[in-house]
Amino acid sequence: MRDGFIKVAAVTPKVVVADPVENTIRIKAAVMEAAANGAKVIVCPELCITGYTCGDLFLQETLLRSARERLVWLAKELGALDAVVFVGLPLMHEGKLYNVAAALNKGEIIGIVPKTHIPNYNEFYEARYFTPGKEEAEGVDIAPAYHVPMGSHILFQCDDVLPELVIGVEICEDVWTPNPPSISHALAGATLIVNLSASDETTGKDIYRRELVAGQSARLLCGYIYVSAGDGESTQDVVYSGHNIIAENGAVLAESERFTNETVYSEIDMERLVSERRRMSTFAAGSRREDYLRFSFFIDKSDTTLSRFVDPAPFVPGNKDKRDKRCEEILAIQSMGLKKRLEHTGCKCAVVGISGGLDSTLALLVTVQAFDRLNLPREQIYAVTMPGFGTTDRTYENALSLIRCLGAKLIEVDIKEAVRIHFRDIGQDESVHDVTYENGQARERTQILMDIANKNNGMVIGTGDMSELALGWATYNGDHMSMYGVNASVPKTLVRHLVHYYADTCGNKELSTVLYDVLDTPVSPELLPPENGKIAQKTEDIVGPYELHDFYLYYVMRFGFAPAKIYRLAQVAFAGQYDNAVILKWLKTFYRRFFSQQFKRSCLPDGPKVGTVAVSPRGDLRMPSDASARIWMDEIEHLE
C-alpha cells in the first residue's frame, strides 16, 4: 500500500452449472492463488457460486439453500486471507430472489449488494427470477443467527492502512444503463468500483465493453474492476468469454484474453485518484455520503510491488497513430493561438529568432502555419539568425536552410561585436565564460528581435518550451521574453516529436532533410565557444536529461505526487536506462530549480495551453515566487 497503490485481481473460475459445492471449491482455489500473487481486492463474476446460466433452476430451493451454505463455508475458508473478496450468488430475502454480490473479509460476510437493474430483453430473462435491489440497507438472514446488511447503498472502506480505498459495487447490467449505481457510489466517496458481471459474447461487443468500463472510470475518477463469467457457463444459447478489465481514470491497466478464464492483475493508484478529485472542483465527492452505510474491511500493511506499466514519456503517446494525431492537434492549437493574436493586434509581420535548434525550429513552423491560415505571405515572417561566440557551422547552416525552405525573410545580425562593446561598457572580461558572458548574448539577441519587431510593426514570437520554464533554463528578459510564446506549454520531449512529425508529413524533401538534421543536433544554447567546431555546451550535461525532467514535471504538476513516489515511479519507468543514483541526482536538481526559478514563470508572455500540464501563472500554476522547497528537499535527502 506504499504510495497509495493497491494490488487488485479480476478472477474468472471455471464453474459447473448448478453445483455450488464444486464452484466454491474452485473459487477458493482461484482466490487463494490471486492472494498469493499479492492481490488485496479480489473480484469474481456474477452468480459464480451457482453459475449464471441456471435458468429456471434459480427457482429451486435446493440450489438456493446450497448457495447460502457454501457462501458461509467460503467466507470461513478464506478467513486467513489478507484480502477483501467479492463473489456473486442468488439470495432469497422475504420471499423475493435477488442477484447479489457478497463481500468477504477475515472470515466474515461483511455486506451484500443487490443488482439494481434487471435486464429482460434479447437473450436476458433475469426478471423471470430476480427482483431489483433496494437502496436502503436491511438485515438478511444468511444462516441461523447470521445476519448481514444488504442494500445497494453500501460502501466498503479500508479504514486502517489505506482509508482512500472505498469500494462500491454494481452488477453487470447496472453499468450499461443511463444512470449506473456507480455514479451515486462515487458521489458518496467510492474510489474503486467492482462490477461482477456475466456478459455474453457477440461480435464487436468487447470493444464497446472496454470503452464503457474505461469511460466510466474516467467519468467517476475512480478505479474500476470488471470481471465476467467465462468458460464453464452453459453454451445452450450464448457463449461467455471471461472478458476481465481493470481500469483507472480512463486508462485500461489490464485486460484478459477472451475465452481463457484468465486472472488479470494490476495496481490501482488511490493517491492519484484522490488527487484528481481534489483538484477537480466540479466533482462533488461526498455529496451523497449521508445516503450510504460504510462497513470496514481490514488488510495488512504491505509494500505493493508494481507490475503496471509506468510510461517514461507521459507527454508522448507511445502508439504512432495516436502520436501523429496528437502532433497534428498540437500544431493546430499553437498556430490557431498565434493566428488569433495576430488578428487581434493587426500584426502582419512576425519576428522569430532562428538558432538552428529544436525550439526555434518549432516556433518557425508554427508561425508559418499561422500565416498560411491568415493567407499572409511568408515573406512577412522575419526569421532572424544571430551568430554569436558559440554558434557552430552546423546550426548556422541549418538555420539558413530552414528559413529558405519555408520561404521566410532572412535577416542575419552577427552579435559578436555588439556584445563585445557591451562587455566593455560593463567591465566584463570576454575570456571569463561566466553567467554574464552567456546571458549578455541572450539579452542582446532579444533586444535585436524586439527592435526589429518595432521597426516593422511586428510581433516577436517566443521559442522557449515548458521544460525550460520548469527548470528556469532561460535568461531572464532574454530568451525568457517575447510577445507571444507558442511553445510555452510544450515539453521538450514533445517538441522533438512535433518537429519529427512535420518532417515526415511536409512533403518537401529538402525541408525534411534539414529538420532531421536539427533533430540530430545536441540541445544547446550555444553561448560558449565551440571546441574543434563542435558544440561545447550541451544542455542535458548541465541540467540533466529532459526525459527525466519531463517525467518529474508531469507527476509534480498533474498529480501533486511526493518526491518519494515520483522517485519510485521513475525507477520503474527508466529501469535499465538510468540507475537509481542518476535518477535521484536529477530529481534533486529538478526540485531545487523548480522552486527557485518560479519568478521567471510568474511573468511569462501569453501562450496557448496544449496539454493537461502548463506552467502559466494565469492558468495551471499559481505558485509564489518565494515559496520554500525545504520539506520537498528534506524528503529527497532521505531517499536511497
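All of these numbers come straight from a predicted model, not from anything done at the bench.

Caption draft 1: A look at the sheet that holds strand β19 (residues 459–462). With parallel pairing, 5 strands are arranged side by side in an open sheet as β18-β17-β16-β19-β20. Where the open sheet ends on each side, the last strands, each with one partner, are β18 (409–412) and β20 (484–485). Of the strand pairs in this sheet, β19 and β20 are connected by 2 bridges, and their pairing is parallel. Along β20, the bridge assignment pairs Ile 461 with Tyr 484. On the sheet, helix α6 (residues 320–345) packs against β19 and β20 and is oriented at approximately 165 degrees with respect to β19. Each of β17 (381–385) and β18 is contacted by helix α8 (residues 393–406), which is oriented at about 150 degrees to β18, the strand it contacts most.

Caption draft 2: Region of the structure containing empty space enclosed by the protein. All chains considered together, the criterion is met by 4 cavities of 30 Å³ or more. A volume near 150 Å³ is recorded for the largest cavity. Together, 15 residues line the largest cavity, and Gly 464, Leu 469, Asp 479, His 480 and Leu 604 are the ones closest to its centre. The residue inventory of the lining of the largest cavity, partitioned by class, reads 6 nonpolar, 6 polar and 3 charged.

Caption draft 3: A look at the packing of aromatic side chains. Evaluated as defined, the whole model comprises 26 aromatic pairs. Between Tyr 552 and Phe 590, the ring centres sit 5.9 Å apart and the planes meet at 65 degrees, which makes this aromatic pair edge-to-face. You can see Tyr 552 sitting in helix α15 (residues 546–559) and its partner Phe 590 sitting in helix α17 (residues 580–596), a full 38 residues away along the chain. The exposure classification of Tyr 552 matches that of Phe 590, with both residues buried. With a centroid separation of 4.8 Å and 45 degrees between ring planes, the pair formed by Phe 595 and Trp 632 is classed as tilted. One end of the pair, Phe 595, is in helix α17; the other, Trp 632, is in helix α19 (residues 630–637), with 37 residues separating them in the sequence.

Caption draft 4: Seen up close, the pattern of salt bridges. Tallied over the full model, the rule gives 43 salt bridges. Linked through salt bridges whose partners overlap, the residues forming this network are Glu 201, Asp 206, Arg 209, Arg 210, Glu 255 and Arg 258.

Caption draft 5: The arrangement of the side chain of Arg 70 in detail. Within the fold, Arg 70 resides in helix α2 (residues 61–77). The buried charged residue Arg 70 lacks any salt bridge, with Asp 19 as its nearest oppositely charged partner at 7.3 Å. Once residues within four sequence positions are removed from consideration, Arg 70 is found in contact with Pro 20, Val 21, Thr 24 and Ile 25.

Caption draft 6: The packing of helix α7 (residues 358–373) against helix α12 (residues 492–505), seen in detail. Close contact between α7 and α12 brings their axes to 10 Å; oriented N to C, the two are set at 55 degrees. Considering their axes alone, α7 and α12 lie oblique with respect to each other. Handedness of the crossing formed by α7 with α12: left-handed. Judged by residue contacts, Leu 358, Asp 359, Thr 361, Leu 362, Leu 365 and Gln 369 of α7 engage Lys 492, Val 495, Arg 496, Leu 498, Val 499 and Tyr 502 from α12. Of the residues in the contact of α7 with α12, the class split is 7 nonpolar, 2 polar and 3 charged.

Caption draft 7: Main features of unusual backbone geometry. One non-glycine residue, Leu 47, lies in the positive phi region at around 55 degrees. If you trace the backbone, Leu 47 turns up in the loop between β2 (41–43) and α2. Unlike most non-glycine residues, Ala 145 shows phi in positive territory, near 60 degrees. Relative to the helices and strands, Ala 145 resides in the loop between β6 (138–143) and β7 (146–150).

Caption draft 8: Inspection of the environment of Asp 174 at higher detail. For Asp 174, the position within the fold is in the loop between β9 (166–171) and α3 (181–187). For Asp 174 and Cys 48, which are 126 residues apart along the polypeptide, the C-alpha to C-alpha distance reads 17 Å. Ignoring any residue separated from it by four or fewer positions in sequence, one finds Asp 174 in contact with Lys 115, Thr 116, His 117, Pro 180 and Pro 181. A polar atom in the side chain of Asp 174 sits 2.8 Å from the backbone nitrogen of His 117.

Caption draft 9: Layout of the state of the cysteines. Under the counting rule described, the total for this entry stands at 0 disulfides. Free cysteine Cys 172: the closest other cysteine sulfur is in Cys 48, separated by 13 Å. On the basis of relative accessibility, which here comes to 6%, the residue Cys 172 falls in the buried class.

Caption draft 10: Inspection of the pairing of β6 at higher detail. The pairing of β6 with β7 spans 5 bridges and is classified as antiparallel. Counterpart to Glu 138 in the pairing with β7 is Met 150. Counted along the chain from β6 to the antiparallel partner β7, the turn is 2 residues long, and its residue Ala 145 has a positive phi close to 60 degrees.

The rules we used
- Residues numbered from 1 in each chain as written.
- Predicted model: local features only at pLDDT ≥ 70, side-chain atom pairs only at ≥ 80, totals over all residues.
- Heavy atoms only, no water.
- Pairing = 2+ DSSP bridges.
- Helix = DSSP H or I, 4+ residues; strand = E, 2+ residues; numbered from the N terminus.
- Contact = heavy atoms within 4.5 Å.
- Axes fitted to C-alpha atoms, helices over the stretch in contact; angles between N-to-C directions.
- 1 Å grid on protein atoms, 1.4 Å probe; cavity = no way out; pocket = protein on both sides within 12 Å on 5 of 7 lines; lining within 4 Å.
- Points joined across faces, edges and corners; volume = space filled by probe spheres on them.
- Nonpolar A, V, L, I, M, F, W, Y, C, P; charged D, E, K, R; others polar.
- Phe/Tyr/Trp six-rings, centres within 6.5 Å; stacked < 30°, edge-to-face > 60°.
- Buried < 20%, exposed > 50% of the residue type's maximum accessible area, 1.4 Å probe, protein only.
- Salt bridge = Lys/Arg side-chain N within 4 Å of Asp/Glu carboxyl O.
- Lys, Arg positive; Asp, Glu negative; His and termini not counted.
- Parallel < 35°, antiparallel > 145°, perpendicular 65-115°, else oblique.
- Left-handed = near helix turned anticlockwise from the far one by under 90°.
- Polar contact = N/O pair within 3.5 Å; in protein donor to acceptor, adjacent residues only side chain to side chain.
- Disulfide = S-S within 2.5 Å.

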